[in-house]
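Remarks on the overall topology
These are the residues of each chain, in order.
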Amino acid sequence: MAHIYLSGNSTRMQVGGFIADAVKGKYDNYPKTIQKGIALHREIDIFTDSHETVKECIARLRPHFGKYSTILPDLFFDHYLASDFTDLTGKSLDSFSYRFYISLILNYKHLPLRVQNFVWHFIITNRLGRYRTLKGLNESLEIMRRYNRLPLDTDEIMIHFRENYNFYRSAFDAFFPEIIYFAADHRHAK
């Protein structure tokens, strides 16, 4: 979710930000603006992975979830972004989500097959909107676990998240303004 928001107002950059993890290697066969979204996603990932606040979150998760600890802060942060979307962005989460879903449909032919395989479920179940609740976050974790065949106990993750909710919230509050600035700076530099 954050990658979509951090891609700015360009719907094609948002699509690029959304599909970037499914795009391996070169991506010069995509339309230019989608290419920019993919590149921005990768730059955001590098910034995020090297950020001390995120490293602290991963260190807290690692004893419980091992190598999968690196993916959980993104999901937790997406929950905080969605739950306070209007306050943080000045936009309606529902309007933002539906605009993005329409963009996915309009750009369907540009989506990697892996994304095409789940995009209709993603849209119909309003995955972006569901991030705002703990139940929706749990559903997203469960979908990710099944889709990627990950050996994760989603109940254990949610118990850990609830018990450490304020810690991860503080991390998000410290990190999010920095990533907004970073993404805006990189969008305008291209």
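What counts, and at which threshold
Residues numbered from 1 in each chain as written. Predicted model: local features only at pLDDT ≥ 70, side-chain atom pairs only at ≥ 80, totals over all residues. Heavy atoms only, no water. Salt bridge = Lys/Arg side-chain N within 4 Å of Asp/Glu carboxyl O. Helix = DSSP H or I, 4+ residues; strand = E, 2+ residues; numbered from the N terminus. Buried < 20%, exposed > 50% of the residue type's maximum accessible area, 1.4 Å probe, protein only. Contact = heavy atoms within 4.5 Å. 1 Å grid on protein atoms, 1.4 Å probe; cavity = no way out; pocket = protein on both sides within 12 Å on 5 of 7 lines; lining within 4 Å. Points joined across faces, edges and corners; volume = space filled by probe spheres on them. Nonpolar A, V, L, I, M, F, W, Y, C, P; charged D, E, K, R; others polar. Phe/Tyr/Trp six-rings, centres within 6.5 Å; stacked < 30°, edge-to-face > 60°.

Per an unreviewed UniProt entry, the protein chain goes by the name ACP phosphodiesterase and belongs to Coprobacter tertius.

1. Focus on the pattern of salt bridges
Taken as a whole and judged by the stated rule, the model has seven salt bridges. Here R169 makes a salt bridge to D84, at a shortest N to O gap of 2.7 Å. Of this pair, R169 sits in helix α12 (residues 165-189) while D84 is found in the loop between α5 (72-83) and α6 (85-89), placing the two residues 85 residues apart along the sequence. What makes D84 partly exposed here is its relative accessible area of 24%. Across the pair R145 and E142 runs a salt bridge whose closest N-O atoms are separated by 2.3 Å. Taken as a pair, R145 and E142 lie in helix α10 (residues 134-147) at a separation of three residues, close to a single helical turn.

2. Overview of the side chain of S140
Take S140: it is sitting in helix α10. Dropping the residues within four chain positions of it, S140 is found in contact with R127 and Y131.

3. Observations regarding the layout of surface pockets
Quantified by volume, the largest pocket comes out at close to 1300 Å³. As for the largest pocket, its lining consists of 41 residues, and the residues nearest its centre are D21, L75, D78, Y131 and M144. Broken down by class, the residue content of the lining of the largest pocket amounts to 25 nonpolar, eight polar and eight charged.

4. Examining the packing of aromatic side chains
This structure, assessed with the given rule, holds 24 aromatic pairs. Taken together, a centroid distance of 5.9 Å and an interplanar angle of 65° make the contact between Y98 and Y101 edge-to-face. Of the two residues, Y98 and Y101 both sit in helix α7 (residues 93-106), three residues apart, roughly one turn of that helix. For Y98, a relative accessible area of 43% puts it in the partly exposed group. Consider the rings of F167 and Y168, whose centres lie 5.1 Å apart with planes at 80°: the pair is edge-to-face.

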